[in-house]
Amino acid sequence: MATEFVYVDTSQQIYSYDSMTEDILQLNLGHEDILSYETIATTAQGRNVWLIKFGNLSSENKILITASIHAREYMSSQLVMRMLEEYVFNYDSPLKDGSTYRGHFDSVCFYILPMVNPDGVSISQFGLDGAILDSTKTWLSSISTSNRKLSQIKANSNGVDLNRNFPIGFGQGGGLTSAPGLAYYPGVAPLTEIETMALSNLIATNKFNYCINYHSMGKINYYGSNENSAENAVRCRDLAALVSSINKYKPRHCGVANGSFADYFYSVQNTPAVSIEIGTANPVPISQFSDIYNRNVPLWLVLSDLD
Ligand SMILES: [Zn+2]
């Protein structure tokens, strides 16, 4: 029998850092054998960048999942957490084909960063109240005091777009700005931010078979870049085709490397990554959640069965 879901709230637009943190603790409780959590960084505003490990915790087959590196794309955190809840609470229940989640996930460990940018998410959700430091409230006020305007933030609380702050293609690509702001400011140099440095350390010390990055604009599965190796370009294309066969979003090749996490991931790991854009507006309205969930929930099972 399916369990009643009581932790990850998918009925409200706002899924906050605090709610998510509570949910992580609840999912861990009684499931310590299949789910652990730790913090890989503490942000400027004092929030944790959580890393959840899920599945066979000692497996050397690792799959990296990231969500909400872009603040206003916070529905990706809700999606990842809701998927995790489904798997954890039905771990040994038979699925339609007679298999179990345990059977699928027993040979792999998922490394899940459900909210890479908790400061930015909090500002997108709560405006100035999402900032803790007075200095942050002051610079945010210089941009806008409107919650509606601040809801469009992609950056972290320093005004740096974390998905432009990595070394490969840094400063390349269109639309960049030259000062801290809500979006598209890459920072003065690569890896200046606590969050990007934590991600860099994570991929420097772990070998990942695959990486899925959750974003939320356009219902597209982005893959590859012009700075990918030839053999990994093929792997990326194949992974995107597989993801598209499941969620039915269109695959699309990224052109110029632009300092994104995916660009850096290719250069360090030489394994494939796909960035899934789950919605059609930012922040994605909660009315889109159930369609997004239903399209995307099978993916991790399929990934876990790959060689
Ligand atoms: Zn994004």
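Details of the structure are given in the entry above.
The rules behind each value
Each chain carries its own residue numbering, running from 1 in the direction its sequence is written. Side-chain atom pairs in this predicted model are given and counted only at pLDDT of 80 or more, local residue features only at pLDDT of at least 70, and totals for whole chains, interfaces and linings cover all residues. For side-chain calculations, the full set of non-hydrogen atoms in the structure is used, while hydrogens and water are omitted. With water omitted from the atoms examined, metal sites may look incomplete; donors here are N, O and S atoms no farther than 2.8 Å from the metal, or 3.2 Å in the case of Na, K and Ca. Here a helix means four or more residues in a row that DSSP labels H or I, a strand means two or more in a row labelled E, and each is numbered from the N terminus. In this scheme, a residue with accessible area under 20% of its type's maximum is buried, one over 50% is exposed, and one in between is partly exposed, where area comes from a 1.4 Å probe on protein chains only. Two strands pair if DSSP finds at least two bridges between them. Only C-alpha atoms enter the line fits that serve as axes; for helices the fit covers just the stretch in contact. Angles between N-to-C directions range over 0 to 180 degrees. By definition, a salt bridge exists where a carboxyl oxygen of Asp or Glu is found within 4 Å of a side-chain nitrogen of Lys or Arg. The criterion for a disulfide is a pair of cysteine sulfur atoms lying within 2.5 Å. We call two directions roughly parallel when the angle between them is under 35 degrees, roughly antiparallel when it is over 145, roughly perpendicular when it lies between 65 and 115, and oblique otherwise. Should the near helix be turned anticlockwise from the far one by less than a right angle, the crossing is termed left-handed; should it be turned clockwise, right-handed. Only heavy atoms enter the contact rule, under which two residues are in contact if any of them lie within 4.5 Å. Classification convention: Asp, Glu, Lys, Arg as charged; Ala, Val, Leu, Ile, Met, Phe, Trp, Tyr, Cys, Pro as nonpolar; all other residues, Gly among them, as polar. A pocket here means an open set of points on a 1 Å grid, computed over the protein atoms alone, that has protein on both sides within 12 Å along at least five of seven lines. A cavity is instead a set of points where a 1.4 Å probe fits but cannot get out; residues with an atom within 4 Å of a point line either one. Grid points are joined across faces, edges and corners, and a volume is the space filled by probe spheres set on the points.

1. Re the coordination of the zinc ion
By definition of the ideal shapes, a tetrahedral metal site with four donors has angles of 109.5 degrees and an octahedral site with six donors has angles of 90 or 180 degrees.
Inference 1: The protein atoms that coordinate the zinc ion are His-70 (ND1), Glu-73 (OE), Glu-73 (OE) and His-215 (ND1), at distances spanning 2.1 to 2.5 Å.
Inference 2: Linear spacing of the donor residues for the zinc ion on their chain is H-x2-E-x141-H. Note that His-70 is positioned in the loop between strand S3 (62–67) and helix H2 (75–89) and His-215 in strand S5 (residues 210–215), a separation of 145 residues in sequence. The residues His-70 and His-215 share a single accessibility class, namely buried.

2. Some points on the sheet that holds strand S8 (residues 273–277)
Inference 1: Across the sheet, which stays open at both edges, the eight strands sit in the order S1-S2-S4-S3-S5-S8-S6-S7 with mixed pairing between neighbours. The two strands at the open ends of the sheet, each matched to only one other strand, are strand S1 (35–42) and strand S7 (250–253). Along the sheet, successive strands turn relative to each other by an average axial angle of 20 degrees, direction set aside.
Inference 2: Across seven bridges, the pairing between S1 and strand S2 (residues 48–55) is antiparallel. Across the sheet, residue Ser-36 finds its bridge partner in S2, namely Lys-53.

3. Quick word on the pattern of salt bridges
Inference 1: According to the stated counting rule, one finds six salt bridges in the structure shown.
Inference 2: Put simply, Glu-38 and Lys-53 hold a salt bridge, and the shortest N to O gap is 3.4 Å. On the criterion of sequence distance, the pair formed by Glu-38 in strand S1 and Lys-53 in strand S2 is long-range, its members being 15 residues apart.
Inference 3: The exposure class assigned to Glu-38 is partly exposed, which follows from its relative accessible area of 34%.
Inference 4: Of the charged contacts in the structure, one is a salt bridge between Arg-47 and Asp-119, with a shortest N-O distance of 2.8 Å. Taken as a pair, Arg-47 in the loop between S1 and S2 and Asp-119 in helix H4 (residues 118–126) lie far apart in primary sequence, 72 residues in all.
Inference 5: Residue classification places Arg-47 among the buried positions, given a relative accessible area of 10%.
Inference 6: One continuous salt-bridge network, built from bridges that share partners, spans Lys-219, Asp-291 and Arg-295.

4. Things to note about the pairing of S2
Every other side chain in a regular strand lies on the same face of the sheet, so the side chains alternate between the two faces.
Inference 1: Among the eight residues of S2, eight are classified as buried, and the element is accordingly described as predominantly covered.
Inference 2: Remark: five residues form the turn of the hairpin made by S1 and S2, two consecutive strands paired antiparallel; Gly-46 in that turn has positive phi of roughly 85 degrees.
Inference 3: Bridge analysis of S2 against strand S4 (residues 109–113) gives four bridges, and the strand direction is antiparallel. When the bridges of S4 are listed, Ile-52 appears paired with Ile-112.

5. Digging into the state of the cysteines
Here a disulfide denotes one covalent bond, and it connects the sulfur atoms of two cysteines.
Inference 1: Counted under the stated rule, the structure contains zero disulfides.
Inference 2: No disulfide involves Cys-236; its sulfur sits 9.2 Å from that of Cys-254, the nearest cysteine.

6. Considerations on the environment of Leu-35
Inference 1: Along the chain, the position of Leu-35 falls in strand S1.
Inference 2: Separated by 78 residues in the primary sequence, Leu-35 and Leu-113 have C-alpha atoms spaced 13 Å apart.

7. Focus: the packing of helix H7 (residues 194–205) against helix H9 (residues 261–269)
Inference 1: Where H7 contacts H9, the two axes come as close as 10 Å, and the packing angle between them is 25 degrees. By the angle between their axes, H7 is roughly parallel relative to H9. Every pair of crossing elements has a handedness; the one defined by H7 and H9 is right-handed. The segment H7 lies against H9, with Leu-199, Ser-200 and Ile-203 engaging Phe-261, Tyr-264, Phe-265, Val-268 and Gln-269.
Inference 2: Among the residues making up the contact of H7 with H9, the classes are represented as six nonpolar, two polar and no charged.

8. Notes on the layout of surface pockets
Inference 1: In this structure, the largest pocket spans a volume of roughly 590 Å³.
Inference 2: Lining of the largest pocket is provided by 30 residues; of these, Asn-163, Arg-164, Tyr-222, Asn-258 and Glu-277 occupy positions nearest its centre.
Inference 3: Contributions of two or more residues to the lining of the largest pocket are made by S5, strand S6 (220–223), H9 and S8.
Inference 4: Here the residues of the lining of the largest pocket are counted per class, giving 12 nonpolar, 12 polar and six charged.

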